[in-house]
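# Analysis of the macromolecular model
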Amino acid sequence: MNVYTNIFLSIVSMLFFSACSDKNTAKEENSDLSSYLKDGSTGIKTGGVKMIEISTPKGKFKVWTKRVGNNPKMKLLLLNGGPGATHEYFECMESFLPQEGIEFIYYDQLGTGNSDNPNDPVFWDLDRYVEEVEQVRIALGLDKSNFYLLGHSWGGILASQYALKYQQNLKGLIISNMMMSAIDYDKYADTVLAKQMDPKVLARIREIEKNKDFENPEYMQLLLPNFYTKHILRLDADKWPEPVNRSFSKINQSLYVTMQGPSEFGLSGKLEKWDIKKKLPKLVVPTLSIGAEYDTMDPNHMKWIASQVKNGTYLYCPNGSHMSMYDDQDVYMKGLIKFIKDTDNTTIK
């Protein structure tokens, strides 16, 4: 009888401690959530929005930022692409990062979205934008103990160029869907992507580009089904997510054409000769490069990036294109979160 009594008491004890453990876990989770949602800013609350004054060679302007969440160890600043699009297509992050406790910060670069627009192409310059990011970093209190920088597309150019000059301020770098050479990007577009297109369609696109008739509505009518929905975002155009459409509809054409050029096949603006491949070994900060099978960027090049930096990791999105945070979302977000958390738990080699 004593044996059964002991077994009964053991089971009751186990259930009691299990219940206590569950309560403690729930308390910890609630505490974490409360800390994450706490707005520690002073003065009038703005929902995390902060206008930051930046200095430029031609005066002072303000750029728009918005913080989501609060985590002193993991703060992710987002650099959108285009050039000239807005932060808005990053809104998909809200469905993934808060539940992981990762703070992230939207940011419209000068000339885009909610930020000031001086309407002067002299401001559309890579080196100037690098200094702008540094001023934003300082204003937001980001440093090597917490500062993760994600650059997508043009943002990847900006993020990598920033890291080459200011990596001592970074905890982690994410280069998303951007090759480290405009020359290699042009070559990939011409020798790989163009050859996947219907020859008749390609010939007509090339004719329009040769005539510099970029305002011709036929240009986009041909590109949308034959290029955009195959390599930019692999969904039918009428199913593109609203944040993407909203962001792209606001693109600063002056900034886009000045930096990228008017063609969708490669770069022809200020970035035409941009190439930092030989400088990649100088990057010692933990770096994640993200590539996708159907991207406008060569996924093999993206994998190669991870082998060139000192502490590189590669994330491959097998079903993704240029906007793989949407069309291969599960892989992209899990890989991004894993990189940030792994980096948070380790030190630079």
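Refer to the preceding data block for the structure.
This section reports on the structure supplied with the text. (Residues numbered from 1 in each chain as written. Predicted model: local features only at pLDDT ≥ 70, side-chain atom pairs only at ≥ 80, totals over all residues. Heavy atoms only, no water.)

## Considerations on the overall build of the protein chain
Helices and strands together make up the secondary structure of the protein chain, namely 11 helices and eight strands. Within the protein chain, the fraction of its 349 residues that count as buried is 50%. Looking at the protein chain as shown, the accessible area adds up to about 16900 Å², and 54% of this sits on carbon and sulfur atoms. (Helix = DSSP H or I, 4+ residues; strand = E, 2+ residues; numbered from the N terminus. Buried < 20%, exposed > 50% of the residue type's maximum accessible area, 1.4 Å probe, protein only. Areas by Shrake-Rupley, 256 points an atom, 1.4 Å probe, with all protein chains shown as cover.)

## Let's talk about the sheet that holds strand β2 (residues 59–68)
Strand order in the open sheet made by the eight strands is β1-β2-β4-β3-β5-β6-β7-β8, with mixed pairing throughout. The open sheet has two free edges, formed respectively by β1 (49–56) and β8 (312–317), since each of these has just one partner strand. In this sheet, neighbouring strand axes are inclined to one another by 20° on average, regardless of whether the strands run parallel or antiparallel. Bridge analysis of β2 against strand β4 (residues 103–108) gives five bridges, and the strand direction is antiparallel. For tryptophan 64, the partnering residue across the bridge sits in β4 and is aspartate 108. (Pairing = 2+ DSSP bridges. Axes fitted to C-alpha atoms, helices over the stretch in contact; angles between N-to-C directions.)

## Regarding the side chain of asparagine 71
Relative to the assigned elements, asparagine 71 resides in the loop between β2 and β3 (75–79). Engagement of the side chain of asparagine 71 in a polar contact is seen with the backbone nitrogen of lysine 73, the distance being 2.9 Å. Once residues lying within four places of it in the same chain are set aside, the contact partners of asparagine 71 are Gly101 and Glu103. (Polar contact = N/O pair within 3.5 Å; in protein donor to acceptor, adjacent residues only side chain to side chain. Contact = heavy atoms within 4.5 Å.)

## Points about the packing of aromatic side chains
Applying the stated rule across the entire model yields 12 aromatic pairs. Ring centres 6.2 Å apart and planes at 75° place the aromatic pair tyrosine 89 and phenylalanine 248 in the edge-to-face group. Taken together, the positions of tyrosine 89 in the loop between β3 and β4 and phenylalanine 248 in helix α7 (residues 242–249) put the pair 159 residues apart, joining distant regions of the chain. Ring centres 6.2 Å apart and planes at 70° place the aromatic pair phenylalanine 147 and tyrosine 162 in the edge-to-face group. A residue pair is termed long-range when its members are at least 10 positions apart, and phenylalanine 147 in strand β5 (residues 147–152) and tyrosine 162 in helix α3 (residues 154–166) qualify at 15 residues. Here the aromatic residues Tyr89, Phe90, Phe227, Tyr228, Trp240 and Phe248 are joined through ring pairs into a cluster of three or more. Above the ring of tyrosine 129, the side-chain terminus of arginine 128 is found at 4.4 Å from the ring centroid. Its guanidinium or amino end placed over the ring of tyrosine 294, arginine 234 lies 3.7 Å from that ring's centre, counting from NZ or CZ. (Phe/Tyr/Trp six-rings, centres within 6.5 Å; stacked < 30°, edge-to-face > 60°. Lys NZ or Arg CZ within 6 Å of the ring centre and 35° of its normal.)

## Quick word on the packing of helix α2 (residues 126–140) against α3
Contact geometry of α2 with α3 gives a least axis separation of 9 Å together with a crossing angle of 70°. It follows from the interaxial angle that α2 and α3 lie roughly perpendicular. On α3, the residues touching Leu126, Tyr129, Val130, Glu131, Val133, Glu134 and Arg137 of α2 are Trp154, Ile157, Leu158, Gln161, Tyr162, Lys165 and Tyr166. In terms of residue class, the contact of α2 with α3 is made up of nine nonpolar, one polar and four charged. (Parallel < 35°, antiparallel > 145°, perpendicular 65-115°, else oblique. Nonpolar A, V, L, I, M, F, W, Y, C, P; charged D, E, K, R; others polar.)

## Concerning the pairing of β2
Note: β1 against β2, eight bridges, orientation antiparallel. Across the sheet, isoleucine 52 pairs through a bridge with valine 63, a residue of β2.

## Brief notes about the environment of isoleucine 205
Inspection of the secondary structure assignment puts isoleucine 205 in helix α5 (residues 199–210). Note: C-alpha distance between isoleucine 205 and phenylalanine 265 (60 residues apart in sequence) is 10.0 Å. Residue contacts for isoleucine 205: discarding those within four places in its chain leaves Met197, Tyr219, Leu222, Leu223 and Phe265.

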